[in-house]
Amino acid sequence: MHSEAEASLSKRCPVMRRLIKAHGPCELKPQKRSPYEALVSAVAHQQLHANAAEAILRRFKALWPDTRFPKPEQVLAADETMLRGCGFSMGKLLAIRDIAAKTLSGQIPTRAAALKLADEELIARLVEVRGVGRWTVEMLLIFTLGRMDVFPSDDYGVRNGWRIAKKLDEMPKPKEFRLLAERWQPHRTLAAWYLWRAADAGK
């Protein structure tokens, strides 16, 4: 699926060539879900272990058994105590309600509308939402919309993967790393994916 991008990265960068050889073909497959759902899930996962976040999301979805994922209007009409009972902190609850409200207002676009917007345009729109920063939108671009040239230079795993791959004492600074990553255009998403693999393998 990504063979052309892998060949291009291998040709241009010895570090990528080594990582691609070590970890095999990229298995990145975006999830077909709406930006609304992706952002609610991302907020649930903030500062939590994946298993704990998934447990909270299961309880959240169980509040509305007749729907695959709670609709924005259901979230806005729900009792605060009921939502807090899922395990959301007050901060996360306020963020999820803002995501629901801004989905209904159209500031958070539908999946079809989001696919037509440029990366930076989406980032500018979505960082206005409570609890949503640039990193969260970059995860949406990669794992929900399947954008192929996104580089989350602030991401701990990506930075640590580079430190491990290059055998450095320290991780690169995000600003410097963003400049360094320009060499991987237009396949920066794949470069990030291989750096995540390097970080995982180094644990």
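Up top is the structure.
Novice: Hey, could you run me through the pattern of salt bridges in this one?
Specialist: Note on pairing: side chains with opposite charge can pair once their charged atoms come close. For the structure shown, the criterion picks out eight salt bridges. A salt bridge links Lys102 to Asp98; its shortest N-O distance comes to 2.9 Å. In this pair, Lys102 and Asp98 are both assigned in helix α7 (residues 90-105), four residues apart and thus about one turn of the helix distant. Assigned by exposure class, Lys102 and Asp98 land together as buried. The partner of Asp119 in a salt bridge is Arg147, and the shortest N-O contact between them spans 2.5 Å. Here Asp119 is found in helix α9 (residues 119-126), whereas its partner Arg147 is found in the loop between α10 (134-143) and α11 (156-166), with 28 residues between them in sequence. Of the residues examined, Asp119 reaches a relative accessible area of 21% and is grouped as partly exposed. A relative accessible area of 14% means that Arg147 is categorised as buried. When salt bridges that share partners are traced, they join Glu120, Arg134, Glu138 and Arg178 into one network.

Novice: Looking at this model, I keep getting lost on the packing of helix α3 (residues 35-45) against helix α4 (residues 50-62). Mind explaining?
Specialist: Two numbers describe a pair of packed helices, the interaxial angle and the distance between the axes. In contact at an axis separation of 8 Å, α3 and α4 are set at 130° when each is read in the N-to-C sense. Our classification of the angle between α3 and α4 gives oblique. As α3 runs across α4, the sense of the crossing is right-handed. Residues Val40, Ser41, Ala44 and His45 of α3 pack against Ala50, Ala53, Glu54, Leu57 and Phe60 of α4. Residue classes in the contact of α3 with α4 are distributed as six nonpolar, two polar and one charged.

What counts and how
- Residues numbered from 1 in each chain as written.
- Predicted model: local features only at pLDDT ≥ 70, side-chain atom pairs only at ≥ 80, totals over all residues.
- Heavy atoms only, no water.
- Salt bridge = Lys/Arg side-chain N within 4 Å of Asp/Glu carboxyl O.
- Helix = DSSP H or I, 4+ residues; strand = E, 2+ residues; numbered from the N terminus.
- Buried < 20%, exposed > 50% of the residue type's maximum accessible area, 1.4 Å probe, protein only.
- Axes fitted to C-alpha atoms, helices over the stretch in contact; angles between N-to-C directions.
- Parallel < 35°, antiparallel > 145°, perpendicular 65-115°, else oblique.
- Left-handed = near helix turned anticlockwise from the far one by under 90°.
- Contact = heavy atoms within 4.5 Å.
- Nonpolar A, V, L, I, M, F, W, Y, C, P; charged D, E, K, R; others polar.

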